[in-house]
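Analysis of the macromolecular model
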Amino acid sequence: MISFYKATKKCILICACLIGSSQFASAQMENDGIMIPQNYLCPGLMYSHSSWTNYWEGTFKRNNGNLGTVSSNEYNLMVTYGLAKNLIATAGLPYIKTNASAGTLEGQKGLQDISLNIKWKALQIITGKSKFSFFASVTGSTPISNYSADYEPLALGSHSRNFTARAVVDYVFGKYFFTGSGAYTNRSDITIDRNSYFTTVLINSNQVMLPNMSNYNFRTGYRSKYFIAEAIADISTSLGGFDITKNNMPFPSNRMNMTSVGANLRYRFKSFYNLELTASDQYVTSGRNMGQSNMIMGGVSYIFSLKSDKKTPQINYYKN
Amino acid sequence: MKNYSTYIRLFALSFFVLCFATCKKDIVDRSAKYPALNPANEDLNADTWKTVLVTDPTVFTVNAPDATNSPAYVADLNEIKGYQRNLSTSQLAIIKYWSAGAVLRWNEILRELVAKHNLPPYQNPDGSYPAPSSANPFAYPQFPFSNPPYAARAYAYVSAAQYDALVTAYHFKKLYNRSAPYVIDANVQALIPKSSLPSYPSEDAVVSGASVEVMKLLFPTEIAFIEQKAAEEKLYRIMAGANVRGELDAGESLGKQVADLFTARARTDKAGAAIGNQAYWTQLQTQTAAKGEQYWISLESPKRPPMLPLFGKVKPFLFDTATVAAIRPGPPYSTNSPEFKQAVDEVLYFSQHATRENLQQVEFWADGVGTFTPPGHWNAIAADEFVKQNYSEVRWARNLALLNMAEMDAAIVCWDTKYFYFNPRPTQVNPQIKTLTGIPNFPSYSSGHSNFSAAAATILTYLLPDRGTKFTDLANQAAMSRLYGAIHTRQDVEVGLTTGAAVGQYAVLRAQNDGAGTGN
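**A closer look at the confidence of the model for chain A**
- Taken as a whole, chain A shows an average pLDDT of 88; of its residues, 88% reach a score of 70 or greater.
- Note that pLDDT drops below 50 for residues 1-28 of chain A; the model gives that stretch 89 contacts with residues more than four away or on any other chain.

In structure tokens, the structure reads:
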């Protein structure tokens, strides 16, 4: 029992970081209530597969025989580091491969956007079995390769520089929790390969202004020291942009809205605490100018301390 | 370890600054930066230039203007002075916009409408496709589907009508020799560069009158938008002190009268029947199969009827119908030949070895669904160059008419060729070939992009010889983008360039003999 307790102190698992994957643009790290201790490093690798056959052209739901099923396979290299007692940083680098099962359009592949998130646990209030934690986080991302954004719907991403500010509140009662967060994402203008394009008007420029985004994320479920099972609801909204007109091609500055629901599991082995396994599924229930995608994700991460502390911090999912 | 952490914090901070500081700038449309038109040469002899359809300017009615001491003219001057007392920011913006030139702005408006309506119809539930109907233009699919041949024809009619209307206007300008309002009344300010051209009838109104009338026929669902632009342009001339209302009304009327010749031609040029019918679509297959050749089939799902298979029968502007067949290139490689297989293998190579540079070239020239099409792209290229030339309105119109008649006739010759041979796309022959842009829904041989681009480059190089090989280089890039994009074989591209250049030569021939000279 004692050794078990010590081992618990030693490690923690995090890094269920769902950055990227084209449609699911927000990092899970930034919207949950989990931290890692100072000077701990947690590298991880996530794989996700998302696909859609139906999509919304504006608000009109349809499929397209010239695309079939559009899929995206993503490998995301992540690393989280405990910068200070209540401050962690997470970097992510996704490699993405897209494909359309029908039609003639060639898929794309390559590195997408490198991202960095800093999350700060600003305040914690504990009363009896209840615990309130408040977090603030910022995320920046920038394209790391010269992929084309103007290759919808098989583009790797929007090729914009993004800056996201998010506020998170985490409430734990016993082993049950609720986490809610809201975020605002500023997206830079992008440069495309043509110097004229039509949105709702003709624009003679190779610069495209992308709408900013808002995001609300809600997660609730069971959280113990070694295990999290949570249900997720996510609402992303473009603060501007225009609808795809009937039978037109999509464009990076479309109004892309999406509501999705999902479930997420995070688990580590009692006998090998450094290792965490993550699995999740997320399904788009409604959208606008988006594919109705389902995404499955699996990940593994490994946490260790960069220095041999005499006093190992006591930290785990539950404690956090 | 503390230093470690400091470095990471510093890095993080600079990263966020990078991501945040490059946020958002308003997009500057390069056409918004065009300067006010200030012609180096007013082309005062333009009334002698060779017109396209007009044979005699005196058949049109342009009443003599009011005397400049008449109450009507004084009232017109007072209208200008009333506006000029208190111009709002948005009114000044209207002046700035239109001062770049009427022909230029109407060309841009047309490009916008082409892009907006360049959408293939969505299929019916049974997998068939509805066709747009000019008789019922608002019903889905709206009329028109401004695909490349339709667009080429639209640009040609609008440009040619503007040109004939302006040449005719010069006849009346000289006849009546009315000075501009700012010359007659010192209290009228000229808010745009002054012109020595007689101002009755107004050249701006002639252009808008002709444009509106032709565009009403070509884009019947956009009439309200088009009329609003025309009203704004009229207002601009008054607010800028450039024309009195009477000059604008006379110009608009003349523009519409001239346009009537063009709309009458457009109604009978056989474009309306270019869509063909099921019997004809089947006949294209059987006659190609009878020659022992593999025939084209639609690569869309569900299969879509071929795009405007009878567009090759449309009446050209620069030559007669017999010449269309005479210019038509010889046959492509037989689909059974080793040369054809080799050509398709080369396409497969580019499909499988797509570099970012190739994709960039493909995307720059794609001009596919939802765009102003390749002829529109060449109009944009021409406009960017013509702006630097300080052309008069009439020379703007003449040069765009030459370009766009060449583009329309290139479309006719190219479509004639495509449906004469009914040759399959490389992707159809080898489904392993994936394309870097949408696959067009018409036969492969020869490349439309190559025809359009070579025709445009030929006339533009004649008009602007000091640009050297600029336009030819661009045309070659446009053409090769179709091979890199795995849309066309090298033969499609090379033959398309040759045929397009041959069509362009007819525009050059016209330009050499229309009395306008080089203007340089």
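**A short note on the environment of D320 of chain B**
Residues and elements named next belong to chain B.
- Within the element layout of this structure, D320 appears in the loop between helix 10 (278-290) and helix 11 (321-327).
- Given 9 C-beta atoms within 10 Å, D320 falls into the exposed group.
- Residues D320 and D409, 89 residues apart in the sequence, show an inter-C-alpha distance of 10.0 Å.

**Brief notes about the pairing of strand 9 (residues 162-173) of chain A**
Residue and element names in this part refer to chain A.
- In the sheet, strand 8 (residues 130-143) pairs with strand 9 via 12 bridges, with the strands oriented antiparallel. Bridging from a neighbouring strand, S137 pairs with R166 of strand 9.
- Alignment of strand 9 against strand 10 (residues 176-187), held across 12 bridges, turns out to be antiparallel. Residue pairing across strands places N162 opposite R187, the latter belonging to strand 10.
- Between strand 9 and strand 10, which pair antiparallel in sequence order, lie two residues; one of them, G174, sits at a positive phi of approximately 60°.

**A word on the environment of E385 of chain B**
Residues and elements named next belong to chain B.
- For E385, the location among the structural elements is in helix 14 (residues 373-386).
- Looking at E385, the number of C-beta atoms within 10 Å reads 16, which means it is partly exposed.
- Residues E385 and L464 lie 79 residues apart in sequence; the distance between their C-alpha atoms is 8.7 Å.

**Side note on the packing of helix 4 (residues 102-117) of chain B against helix 7 (residues 203-218) of chain B**
Residue and element names in this part refer to chain B.
- For the pair helix 4 and helix 7, interaxial distance at closest approach is 9 Å and the crossing angle is 20°. On the basis of their axis angle, the class for helix 4 and helix 7 is roughly parallel. For the element pair helix 4 and helix 7, the recorded crossing hand is right-handed. Judged by residue contacts, A102, V103, W106 and L110 of helix 4 engage E203, D204, V207, S208, S211 and M215 from helix 7.
- Residue classes in the contact of helix 4 with helix 7 are distributed as six nonpolar, two polar and two charged.

Scoring rules and cut-offs
- Residue numbers here run from 1 along each chain, matching the order of that chain's written sequence.
- Chains carry letters from A onward and ligands carry numbers from 1 onward, assigned in written order.
- In keeping with the predicted nature of the model, local features appear solely for residues at pLDDT of at least 70, side-chain atom pairs appear and are counted solely at 80 or more, and the whole-chain, interface and lining totals rest on all residues.
- pLDDT gives the predictor's per-residue confidence on a scale running from 0 to 100.
- By the criterion used throughout, residues are in contact when their C-beta atoms, derived from the backbone, lie within 7 Å.
- Where helices and strands are cited, they refer to DSSP runs of H or I of at least four residues and of E of at least two residues respectively, numbered from the N terminus.
- Buried, partly exposed and exposed are defined by the number of other C-beta atoms within 10 Å of a residue's own C-beta, namely 20 or more, between the two limits, and 12 or fewer respectively, with C-beta atoms placed from the backbone.
- The pairing criterion is simple: DSSP has to find at least two bridges between the two strands.
- All axes are obtained by fitting lines to C-alpha atoms, using only the stretch in contact for helices, and the reported angles, taken between N-to-C directions, cover 0 to 180 degrees.
- Each angle receives one of four descriptions, namely roughly parallel if under 35 degrees, roughly antiparallel if over 145, roughly perpendicular if within 65 to 115, and oblique otherwise.
- Each crossing gets its handedness from the near helix: less than a right angle anticlockwise from the far helix is left-handed, clockwise is right-handed.
- Three classes are used: nonpolar for Ala, Val, Leu, Ile, Met, Phe, Trp, Tyr, Cys and Pro, charged for Asp, Glu, Lys and Arg, and polar for all others, with Gly counted as polar.

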